[in-house]
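Given next are the chains, with one letter for each unit.
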Amino acid sequence: MTAARATATAPQLALVDCNNFYVSCERVFRPDLRETPVVVLSNNDGCVVSRSNEAKALGIRMGQPWFEVRAQAEAQGVLALSSNYALYADMSNRVMQILAREVPRHEVYSIDECFLDMTGLRDLRALSQRLRAQVLQWTGIPVCVGIGPTKTLAKLANHVAKKHPRSSGVFNYNALSPEQQHQLLARIPLEDVWGIGRRLSVQLAERGLHTAADLRGTDTAMLRRAFGVVMEKTQRELNGLACLDLQEVTPPRQQIIASRSFGRPVQDLDVLQDAMSTFVANAGAKLRAQGSQARLIQVFLRTNGFRPDRPQRSASQAIFLPQPSEDSLLINRWACALLARLYAPGYDYQKAGVILGEITPRTQRQQDWLEPSTPPRAQRLMEAVDALNGRFGRGCVKVSGQGALSGWQMRQERKSPAYTTDWDDLPCA
DNA sequence: TCTCCGATTAGAC
DNA sequence: CTAACGGTCTAATCGGAGA
């Protein structure tokens, strides 16, 4: 096999990552904010989860609690927006559709990232630039592209593309000579490598490993012994050996959680049950959307752990249904009953939620001649509820009580309109 | 000793 | 005015219980 042929068939994996995704989504509809430092906050306006370049330059850190930085940030002209997930999810779908058209295989990895299999395609730099231009023109979202032989190296290449303006948004690790590859890896700190977080990078540093090149060159058996199989895979991936496959179809969730911190402390059981009904409605919709049923219902509630001066309580209870179910009404009755058992008066509750587990495909329903499974009536009812909520927006059809009581809903003081998913929010009047 | 299971840890985004 | 710190999800590993 000639060298040229080997190059042509070597794996070429691209990672497309949207720049400052949530902030970019907001700016599409607020072009006046292009020069303004902008941050988007997590649910409850709690933490900073997306920052414009200007906000990054002001030293606002990812994940920082907003109340800590708010005073200084606002004095510096930073605009904070509540997160608008309906908008981000819709924009994400548009971006992913554009990317998917251009390659034979792809994996939507997260709301703002997509792996593309470019193996065998030619002129990857031009292709990547074309993709960037198309996504920008059709959605207004800027993206960067990193290319490498493995997912880990594609991630790393994307990191380089984002960080270095000279790459003009595309970086191809595969186009480097082995010496250049080594020089690059020697400049990448380990905490910037996918799969290595804060803790592991400290432990690796204790063994004298600081850069991606250090990790790549160290003894594999030692790594395996000291850090386990995940780290070994990361090392192999850095060496260009693919250990992580492209997941074209997302496997169904094994566990579905719906929970929320409350906007203020909640003391009353009926308010908690009202919140729980909302959580069950969301969890049930997710469950049915992936064609599953659940046998385990787990409910939890807790007080605010950041207030050690207040009485603390954290409790959870679970029940195994005799038959798996996807019926929100049935699940809701159990969830509210469990919650009532968990509840103790006299606490300031800060968060509650439901976890559905023991999830199986609906098609695998066991025939049981004693216990009837979900009756056809309930099934059709749920289908109708999901259809209406899908068509007219979540919350169009509700389980009785769900959201009627106030006091638990999250704080969202600065939420932008749902520009792309709600006619009423269109700023055309 | 082996296996199973729940809890814990670490990470991603 | 004050107080205020996200939500989901997975995989691996660990330690105890039971076979």
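This write-up is about the structure you can find in this document. (Residues numbered from 1 in each chain as written. Chains lettered and ligands numbered in written order. Predicted model: local features only at pLDDT ≥ 70, side-chain atom pairs only at ≥ 80, totals over all residues. Heavy atoms only, no water.)

Structural notes on the protein's contact with DNA strand C
For DNA strand C, the set of nearby residues contains 22 residues, the closest of which are S42, I257, S259, S261 and R307. Protein-adjacent atoms of DNA strand C, using a 4 Å cutoff, are sugar or phosphate at a proportion of 73%. Looking at the surface near DNA strand C, the elements that each hand over two or more residues are α12 (229–238), β9 (256–266) and β12 (349–361). Per-element tally for the surface near DNA strand C: the top contributor is β9, with six residues. Looking at the surface near DNA strand C residue by residue, the classes come out as eight nonpolar, nine polar and five charged. (Near = heavy atom within 4 Å. Helix = DSSP H or I, 4+ residues; strand = E, 2+ residues; numbered from the N terminus. Nonpolar A, V, L, I, M, F, W, Y, C, P; charged D, E, K, R; others polar.)

A short note on the packing of aromatic side chains
For the structure on display, the rule yields 12 aromatic pairs. Aromatic pair Y109 and F115: ring centres 5.7 Å apart, planes at 70°, arrangement edge-to-face. Judged by relative accessible area, F115 falls into the buried class, the value being 0%. Through pairs of rings, three or more aromatic residues link up here, namely F21, Y22, Y85 and Y88. Across from the ring centre of F115, 4.9 Å away, lies the NZ or CZ of K151, which sits over that ring. (Phe/Tyr/Trp six-rings, centres within 6.5 Å; stacked < 30°, edge-to-face > 60°. Buried < 20%, exposed > 50% of the residue type's maximum accessible area, 1.4 Å probe, protein only. Lys NZ or Arg CZ within 6 Å of the ring centre and 35° of its normal.)

Notes on the sheet that holds β9
Strand order in the open sheet formed by four strands is β9-β12-β10-β11, with antiparallel pairing between adjacent strands. A strand with exactly one partner marks an edge of an open sheet, and here the two such strands are β9 and β11 (314–325). The mean inter-strand angle of the sheet, taken between neighbouring strand axes irrespective of direction, is 15°. Pairing of β9 with β12, which is carried by seven bridges, proceeds in the antiparallel orientation. Opposite V266, over in β12, you have Y349 as the bridge partner. The strands touched by helix α13 (residues 269–289) are β9, β10 (292–303), β11 and β12; relative to β9, the strand with the most contacts, the crossing angle is about 155°. (Pairing = 2+ DSSP bridges. Axes fitted to C-alpha atoms, helices over the stretch in contact; angles between N-to-C directions. Contact = heavy atoms within 4.5 Å.)

A short note on helix α5 (residues 85–100)
Between the first and last C-alpha of α5 there are 22 Å, a value that for 16 residues agrees with the 22 Å anticipated at 1.5 Å per step. Burial in α5 covers these residues: L87, Y88, D90, M91, S92, V95, M96, I98 and L99. (Expected span 1.5 Å × (residues − 1).)

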